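# Structural features, examined
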Amino acid sequence: MSSSTARPRRLPRTSTAETARVVTGVLVPLIARGLILRRPRITGLLEAVDVDRRAVATLEAVRRRHGAGPVRLRLPGRRIVLVLDGSDARRVLDGTPEPFTPATHEKRAALDQFEPHGVLISQGGDRPARRRLNEAALETGNPVHGHAELMTAAVAACAAELVTAARADDGVLTWDTFADAWWRLVRTVVLGGSARDDRRVTDDLAVLRRAANWGFLPRRRRTRARFLARLDRHLDSAEPGSLSAALAAQVQGEIGTSRADAVEQVPQWLFAFDAAGMATMRALALLAAHPGAAEELRVEAASRGCGPAAAFARACVQESLRLWPTTPAVLRESTRRTAWRAGPVPEGSLFVIHAPLLHRGGGHQDADRFAPHAWLDGAGPGPGPNVPFSAGPARCAGEDVVLLLTSALLARLLDQVDLTPAGPRTLAADRPLPGTLSPFGLRVRFAQRSSSAT
Ligand code: HEM
């Protein structure tokens, strides 16, 4: 057949059986665990069947059958396109917000519960100023935020609390103990020391996040109003050293956003710090199972302190996030028709980038191993891309603050205690790491170090 009569290429589509496997093995588990607020019980059940390992295998089977894709999921109602190839994932993420907007229909439905003006769901002309506002307040690209002093002091207090709490619990750190101290740290860093014990603000956010798990539920308007009013007061007091003060400084500056816009960036920060806590707890479990790495981190902290020089501590957090990405599905919606080697994709399609597939797929040698060194002078293990913080113009604006705080906390803790796994779910250096690891069931044993400063 001559090229002039060739039929136009059409994106490959999954068969009915493949669609059923992707829906039940990939999409339903992502939604069931709670997209905005994790559900501990369901996350535990999904861990028991190692659901993310199965999800990667399912998507690899689709890739073997249809090629690198993208591949359209044969579903009524929503045009869903699976991105199966690393370079396609880069293209989508680099092409943000046009022609691939992060403000997908699904994300807007969910996040509208508590941050209708958040940058992640902002469209058109609203997005650039809100992005600039976030970058300016969070100092995106600067590994040591201008408020690092307050941050590291708050980290030291958090580490001391964790050590004391674990000691009172037979030397074992549980998720519940960790989370309590973690949220005190987060409120201090984001809102200031006076908010350290203001549980109301994070409890209200939890109520809104729980509702956001069901995107179509009616808005919780009273809770949202109360929550945002509290944030507004914190922004007003702009406690020196807090991220709210950094934000307030920008409101008075030249970026050109409204006060409501500024207030509504903060819910995203508080919400996203939950993921940072999970990554830290998982990193502790990894270090408990890899004493050599724990020692390396300790030696680094003793000689270089925290901050960008603490490259290995940061790498441990990055590796925890590669193994168990806290945003397992990075979503984009096309704002116009786009052309792909497999065929065109119409405007309004939902592109799904499955981070575990990129991070662990393809059978690379470090896929299921703890390999922090690969982050020291590269982009992490395997061909990647590793995208725990996304990539491109909508890459996480808080990445530097996250890595500063979490690596400092690891360093502080390891200065004081030796870690060992405490079950019931333990990781081991000589076994492949699981595809799914619920943070809620993790326990780590702390043993006081005789040489510790405290
Ligand atoms: C381990 C912790 C975190 C991880 C893994 C993470 C990851 C991500 C990812 C994957 C995105 C892109 C989402 C998408 O494209 O749909 C994102 C966006 C964002 N993150 Fe984070 N995040 C973390 C913590 C934080 C924190 C603590 C802050 C603020 C203090 C923050 C601020 C933001 C902002 C403002 C955006 C929106 C960027 C935009 O739309 O331009 N993140 N984050």
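As shown above, the structure is provided for reference.
Residues numbered from 1 in each chain as written. Predicted model: local features only at pLDDT ≥ 70, side-chain atom pairs only at ≥ 80, totals over all residues. Heavy atoms only, no water.

Here the focus is the coordination of the iron atom of the ligand. Just one protein atom donates to the iron atom of the ligand; it is C396 (SG), sitting 2.3 Å from the metal. Examined against the element boundaries, C396 turns out to sit in the loop between α16 (355-360) and α17 (399-416). (Donors = N, O, S within 2.8 Å, 3.2 Å for Na, K, Ca; no water. Helix = DSSP H or I, 4+ residues; strand = E, 2+ residues; numbered from the N terminus.)

This part takes up the sheet that holds strand β10 (residues 443-448). One open sheet holds the three strands; their spatial order is β4-β10-β9, and the pairing between them is antiparallel. With partners counted over all chains shown, the strands left at the sheet margins are β4 (172-174) and β9 (417-421), one partner each. Averaged over all pairs of adjacent strands, the angle between their axes in this sheet comes to 35°, without regard to strand direction. The sheet contact formed by β9 and β10 spans five bridges and is antiparallel. Bridge pairing links T420 to R445 in β10. With respect to the sheet, helix α7 (residues 148-167) is in contact with β4, β9 and β10, its orientation differing from that of β10 by roughly 95°. Across the sheet, helix α13 (residues 266-289) is in contact with β4, β9 and β10; its angle to β9 comes to roughly 85°. (Pairing = 2+ DSSP bridges. Axes fitted to C-alpha atoms, helices over the stretch in contact; angles between N-to-C directions. Contact = heavy atoms within 4.5 Å.)

We now examine the site of the ligand. Around the ligand, the surrounding shell holds 26 residues, and the nearest of these are K107, R127, R131, R332 and C396. Contact distances for the ligand include 2.6 Å between an oxygen atom and a side-chain N or O atom of K107. Contacts to the ligand include R332, whose side-chain N or O atom sits 2.7 Å from an oxygen atom. Broken down by secondary-structure element, the contributors of at least two residues to the shell around the ligand are α6 (126-138), α13 and β5 (329-334). Its residues assigned to classes, the shell around the ligand shows 16 nonpolar, five polar and five charged. (Near = heavy atom within 4 Å. Polar contact = N/O pair within 3.5 Å; in protein donor to acceptor, adjacent residues only side chain to side chain. Nonpolar A, V, L, I, M, F, W, Y, C, P; charged D, E, K, R; others polar.)

Moving on: the sheet that holds strand β3 (residues 100-101). If you trace the five strands from one edge of the open sheet to the other, you get β1-β2-β8-β5-β3, paired in mixed fashion. For this open sheet the edge positions go to β1 (71-73) and β3, each flanked by a neighbour on one side alone. The sheet contact formed by β3 and β5 spans two bridges and is antiparallel. Paired with F100 across the strands is S334, a residue of β5. Packing of helix α1 (residues 16-32) onto the sheet brings it into contact with β1, β2 (80-83), β5 and β8 (350-354), and relative to β1 it is tilted by some 80°. In the packing of helix α4 (residues 86-94) onto the sheet, the strands contacted are β2, β3, β5 and β8, and the crossing angle to β8 comes to about 125°.

Turning next to a nonpolar patch on the surface. Side chains of W214, F216 and L217 sit close together on the surface and give an oily, nonpolar patch of about 360 Å² of accessible area. Given a relative accessible area of 44%, W214 falls into the partly exposed group. (Patch = residues over 30% accessible without salt bridge, like charges linked within 9 Å, V, L, I, M, F, W, Y side chains within 5 Å. Areas by Shrake-Rupley, 256 points an atom, 1.4 Å probe, with all protein chains shown as cover. Salt bridge = Lys/Arg side-chain N within 4 Å of Asp/Glu carboxyl O. Buried < 20%, exposed > 50% of the residue type's maximum accessible area, 1.4 Å probe, protein only.)

What follows deals with helix α15 (residues 311-323). Between the first and last C-alpha of α15 there are 18 Å, a value that for 13 residues agrees with the 18 Å anticipated at 1.5 Å per step. Summarising burial for α15: twelve of the 13 residues are buried, a large majority. Residues of α15 that are buried include every one of F312, A313, R314, A315, C316, V317, Q318, E319, S320, L321, R322 and L323, and no others. Turning to α15, the residues buried within the fold contact α13, α14 (291-304), α16 and α17. (Expected span 1.5 Å × (residues − 1).)

Closest axis-to-axis distance for the α15/α17 pair is 8 Å, and the angle between their directions is 110°. When the interaxial angle is binned, α15 and α17 end up roughly perpendicular. Where α15 approaches α17, its residues A313, R314, C316, V317 and Q318 are matched on the opposing element by D400, L403, L404, T406, S407 and L410. For the contact of α15 with α17, the per-class residue count stands at six nonpolar, three polar and two charged. (Parallel < 35°, antiparallel > 145°, perpendicular 65-115°, else oblique.)

One way to put it is that α13 packs onto α17 with a least axis distance of 10 Å and a crossing angle of 35°. For α13 against α17, the interelement crossing comes out right-handed. In this structure, α13 contributes F273, A276, T280, A283, L284 and L287 to the contact, and α17 contributes V401, V402, L405, T406, L409, L410, L413 and L414. Here the residues of the contact of α13 with α17 are counted per class, giving twelve nonpolar, two polar and no charged. (Left-handed = near helix turned anticlockwise from the far one by under 90°.)

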